[in-house]
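Survey of secondary and tertiary structure
Spelled out, the chains give:
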Amino acid sequence: MQVQEDIASSLELELRRGTIVLCVLSQLDAPRYGYALVQCLQAQGMPVEAGTLYPLLRRLEKQGMLRSQWETAGAKPRKYYCLTEQGRTLYAALLDAWASLNDSIALLTGGKGSKT
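Residues numbered from 1 in each chain as written. Predicted model: local features only at pLDDT ≥ 70, side-chain atom pairs only at ≥ 80, totals over all residues. Heavy atoms only, no water.

Our next topic: the nonpolar core. Grouped together as the largest cluster of nonpolar side chains are 19 residues, with contacts concentrated most on Val24, Leu28, Leu57 and Leu66. Those elements that place two or more of their residues in this core are helix 1 (2–26), helix 2 (34–43), helix 3 (50–62) and strand 3 (78–83). The biggest single contributor to this core is helix 1, with five residues. The contact partners of Leu57, leaving out residues within four places of it in the chain, are Val24, Leu28, Gly34, Leu37, Leu66 and Tyr81. (Core = buried A, V, L, I, M, F, W, Y, C linked by side-chain atoms within 4.5 Å. Buried < 20%, exposed > 50% of the residue type's maximum accessible area, 1.4 Å probe, protein only. Helix = DSSP H or I, 4+ residues; strand = E, 2+ residues; numbered from the N terminus. Contact = heavy atoms within 4.5 Å.)

And the structure:
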């Protein structure tokens, strides 16, 4: 039974990895720093490790999807990330793709697993 649970856990992790970009982009319409983003995603049922998030944020910034700005006025410096116009366009496209995939999966599974 443990082998089956390990396989299921591994496959669930793979599903989460496939959706993390969409989840991150969904939370960056307004500026947010990394740790606050980790907390927000976790609170919404999408836990992400800082070691996964920060490289993703840097990659998305390098690709022009995000911009960042250091805030040094507080107790400690924080780097805030926010969507660029290109990032907003990407987010909308990924959201459309997700909706299409979700519809296809619902058809294939007869709606099983849907919480609605």
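On to the pattern of salt bridges, then. Tallied over the entire structure, the rule returns four salt bridges. In this structure, Arg88 and Asp29 form a salt bridge, with 2.3 Å as the shortest nitrogen-oxygen distance. Within this pair, whereas Arg88 is found in helix 4 (residues 85–109), its partner Asp29 is found in the loop between helix 1 and strand 1 (32–33), the two being separated by 59 residues in sequence. Residue class for Asp29 comes out exposed when judged on its relative accessible area of 52%. The partner of Arg88 in a salt bridge is Glu85, and the shortest N-O contact between them spans 3.8 Å. Highlighted residues: Arg88 and Glu85, both in helix 4, separated by three residues, approximately one helical turn. (Salt bridge = Lys/Arg side-chain N within 4 Å of Asp/Glu carboxyl O.)

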